[in-house]
Amino acid sequence: SSGINAEYGDMVAASGFTPEVHLWAVQFGKSATSNPFQQVREAMDLSGHKSGIYSFSFSGDTRRAVTVSKDGTWRVFNIDVSWQLKEDPKLICCGTVAEDGPARVAMSQDGRVVAIATDVNINVYNADTAELMDTLEAVHSDAILGISFSDTGKYLYTSGNDKSVRVWLNRAGIVRDVEGWTESLKVATNTSHKERLKQQIADARAQL
């Protein structure tokens, strides 16, 4: 294969197995015509790795991105920057891949969780701190070929060389939801809001 490319919202990304991922912005006009497309502009590079990129992924709102490289590391970036003014993406955190060999990465829609697949195993991390939150071992009988989160972020999908597709509960995402609701509960003043938060926390914990 000569490279990796993907489209995320109004961004197009590509990597030719170099240490960078290149991003272009697809711009559209406000015209009501059938073809409002205007141009494609070079936006930014996701850089910092020392070897070629294996895989990359973006959050649903295209504000965050994650890359994983042959150098054995993965990096999370804030790409919600003024690229038109040449502002560079900001590194949020970085971590080490648990196993040697090719790796595939997925970021949850809300950008708070990263899953990295190596061989038949998956490690799930906090996308803010790089903390390991969950491990799924031997999820397929042969190498994992694809990994992605559901639109709601509740599930993690995998496909393997064993010709199977499997669905996993995103436990790390649920934990992060509970963390967020718990913080909101601390400052909530409205009684009904507090009760809703308590119920959400209880329902989420029941799934773990």
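Here the structure is a predicted model, which is why all the values come from computation and not from measurement. (Residues numbered from 1 in each chain as written. Predicted model: local features only at pLDDT ≥ 70, side-chain atom pairs only at ≥ 80, totals over all residues. Heavy atoms only, no water.)

Q: Sorry, what's going on with the nonpolar core here?
A: The nonpolar side chains of a soluble globular protein tend to be buried with one another. Counting residues in each nonpolar core, the largest one holds 16 residues, and the members touching the most others are Leu23, Met44, Leu46, Phe58 and Ile79. Mapped by element, the contributors of at least two residues to this core are β2 (11-15), β3 (21-28), β4 (37-46) and β5 (53-58). Val66, Val68, Cys93 and Ala127 belong to the second largest nonpolar core, which has 14 residues in total. (Core = buried A, V, L, I, M, F, W, Y, C linked by side-chain atoms within 4.5 Å. Buried < 20%, exposed > 50% of the residue type's maximum accessible area, 1.4 Å probe, protein only. Helix = DSSP H or I, 4+ residues; strand = E, 2+ residues; numbered from the N terminus.)

Q: Just checking my understanding: could you explain the sheet that holds strand β8 (residues 90-96) for this structure?
A: Either a parallel or an antiparallel arrangement is found when strands of a sheet pair, and the pairing is made through backbone hydrogen bonds. Spatially, the four strands line up as an open sheet ordered β5-β6-β7-β8, and their pairing is antiparallel. Each edge of the sheet is formed by a strand with only one pairing partner; in this case those strands are β5 and β8. Averaged over all neighbouring strand pairs, the angle between strand axes comes to 15°, with direction disregarded. Note: strand β6 (residues 64-69) against strand β7 (residues 73-78), five bridges, orientation antiparallel. Bridge assignment links arginine 64 to a residue of β7, and that residue is asparagine 78. (Pairing = 2+ DSSP bridges. Axes fitted to C-alpha atoms, helices over the stretch in contact; angles between N-to-C directions.)

Q: Just checking my understanding: could you explain the pattern of salt bridges for this structure?
A: Pairing is possible between side chains of opposite charge, provided their charged atoms come close. Taken as a whole and judged by the stated rule, the model has 11 salt bridges. Between lysine 90 and glutamate 87 there is a salt bridge, with the nearest N and O atoms lying 3.7 Å from each other. With a relative accessible area of 40%, lysine 90 lands in the partly exposed category. (Salt bridge = Lys/Arg side-chain N within 4 Å of Asp/Glu carboxyl O.)

Q: For this particular structure, what's the right way to read the sheet that holds strand β15 (residues 165-169)?
A: The three strands are arranged β13-β14-β15 in an open sheet whose pairing can be described as antiparallel. Looking at the sheet topology across the chains shown, the edges are occupied by β13 (144-149) and β15. Averaged over all pairs of adjacent strands, the angle between their axes in this sheet comes to 20°, without regard to strand direction. Inspection of the sheet shows strand β14 (residues 155-160) paired to β15 by five bridges, in the antiparallel sense. Each residue of the ladder has a partner; that of threonine 158, found in β15, is arginine 166.

Q: Hey, could you run me through unusual backbone geometry in this one?
A: Most peptide bonds are trans, and most residues other than glycine sit at a negative phi. With a phi angle near 70°, lysine 86 is a residue other than glycine that sits in the positive phi range. Relative to the assigned elements, lysine 86 resides in the loop between β7 and β8. A relative accessible area of 71% means that lysine 86 is categorised as exposed. A positive phi is found at alanine 130, a non-glycine position, where the angle reads about 70°. If you trace the backbone, alanine 130 turns up in the loop between β11 (121-126) and β12 (132-136).

Q: Sorry, what's going on with the side chain of asparagine 126 here?
A: Structurally, the position occupied by asparagine 126 is in strand β11. Taking relative accessible area as the criterion, asparagine 126 reaches 5% and is therefore assigned buried. A distance of 2.7 Å separates the side chain of asparagine 126 from the backbone nitrogen of aspartate 128, its partner in a polar contact. Setting aside chain neighbours within four positions, we find asparagine 126 in contact with Trp74, Cys93, Arg112, Glu131, Met133 and Arg176. (Polar contact = N/O pair within 3.5 Å; in protein donor to acceptor, adjacent residues only side chain to side chain. Contact = heavy atoms within 4.5 Å.)

Q: Help me understand the environment of asparagine 161, please; the structure alone is not making it clear to me.
A: Summarising the element assignment, asparagine 161 is placed in the loop between β14 and β15. Residue asparagine 161 is classed as partly exposed on the basis of its relative accessible area, which comes to 42%. Separated by 41 residues in sequence, asparagine 161 and valine 120 have C-alpha atoms that sit 9.6 Å apart. Once residues lying within four places of it in the same chain are set aside, the contact partners of asparagine 161 are Asp142, Ala143 and Leu145. There is a polar contact of 3.1 Å between the side chain of asparagine 161 and the side chain of aspartate 142.

In short, shape yes, function no, at least from these values alone.
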